[in-house]
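# Topology and contacts: notes
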Amino acid sequence: MESGERLGLGIQLLGTFAVRVEGAPVPEEAWRLRRARTLVKLLALAPERRLHREVVVDLLWPDGDGKGLHQVLYTARRALGGERLVLREGVVALEGDVVV
């Protein structure tokens, strides 16, 4: 770990997308679904790292009904480990120490 690097959840959006959890890189194969990766990117850029469920559905399934949302959430949670990504009261959020 480099001097000054913070542990927690680190998300790199410029250049190649990369995620580090507690300093360890999340392997590319952990992102089984492209939409899981896209969801994390959207949340990283959202104010307070939160988006309403309907906004997520509209962004990820512009022509659909979002029936795959729970599968996408499950895949993203597995990639990030633990409860860093939550759906609570209609809001999808990245929680904890997030560095973008």
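Every value quoted in this text rests on a predicted model; they were computed, and no experiment measured them.

## So, the side chain of Arg84
One can find Arg84 in the loop between helix H3 (69-80) and strand E5 (85-88). By relative accessible area, which is 19% here, Arg84 ends up buried. Engagement of the side chain of Arg84 in a polar contact is seen with the backbone oxygen of Gly81, the distance being 2.9 Å. The residues contacting Arg84, other than those within four sequence positions of it, are Leu9, Val21, Glu22, Ala93, Leu94 and Glu95.

## Here we look at helix H2 (residues 53-60)
Among all positions in H2, only Val56, Val57 and Leu60 are buried. Angularly, the buried residues of H2 cover 100 degrees about the axis, an arc narrow enough to put them on a single face.

## Here's the deal with the environment of Val26
Note on placement: Val26 falls in the loop between strand E3 (24-25) and helix H1 (34-45). Considering only alpha carbons, one finds Val26 and Val100, 74 residues apart in sequence, at a separation of 15 Å. For Val26, the residues in contact, after removing those within four places along its chain, are Val19, Val21, Trp31 and Ala79.

## Quick look at H1
For an α-helix, 3.6 residues make a turn, and residues three or four places apart therefore share a direction. Taking 1.5 Å per residue, 12 residues should reach 16 Å; H1 reaches 17 Å between its end C-alpha atoms and fits that length. Among all positions of H1, only Ala36, Arg37, Leu39, Val40, Leu43 and Ala44 are buried. Take H1 and look down its axis: the buried residues cluster within an arc of 155 degrees, on one side only. In this structure, H1 carries Arg34 and Leu45 as exposed residues pointing more than 90 degrees from its buried face.

## Quick look at the nonpolar core
Among the nonpolar cores identified, the biggest contains 28 residues, and Ile11, Val19, Trp31, Leu39 and Leu85 are the most heavily contacted of them. Every element with two or more residues in this core is listed here: strand E1 (9-12), strand E2 (18-21), H1, H2, H3 and strand E6 (91-94). With six residues, H3 is the single largest residue contributor to this core. Setting aside anything within four residues of it in sequence, one finds Ile11 in contact with Phe17, Ala18, Val19, Val40, Ala44, Leu94, Val98, Val99 and Val100.

## Notes on the packing of aromatic side chains
A full pass over the atoms with the stated rule returns one aromatic pair. Positioned over the ring face of Phe17 is Lys41, at 5.0 Å from the centre of the ring.

Reading the values: rules and limits
Residues numbered from 1 in each chain as written. Predicted model: local features only at pLDDT ≥ 70, side-chain atom pairs only at ≥ 80, totals over all residues. Heavy atoms only, no water. Helix = DSSP H or I, 4+ residues; strand = E, 2+ residues; numbered from the N terminus. Buried < 20%, exposed > 50% of the residue type's maximum accessible area, 1.4 Å probe, protein only. Polar contact = N/O pair within 3.5 Å; in protein donor to acceptor, adjacent residues only side chain to side chain. Contact = heavy atoms within 4.5 Å. Arc of directions from axis to C-beta. Expected span 1.5 Å × (residues − 1). Core = buried A, V, L, I, M, F, W, Y, C linked by side-chain atoms within 4.5 Å. Phe/Tyr/Trp six-rings, centres within 6.5 Å; stacked < 30°, edge-to-face > 60°. Lys NZ or Arg CZ within 6 Å of the ring centre and 35° of its normal.

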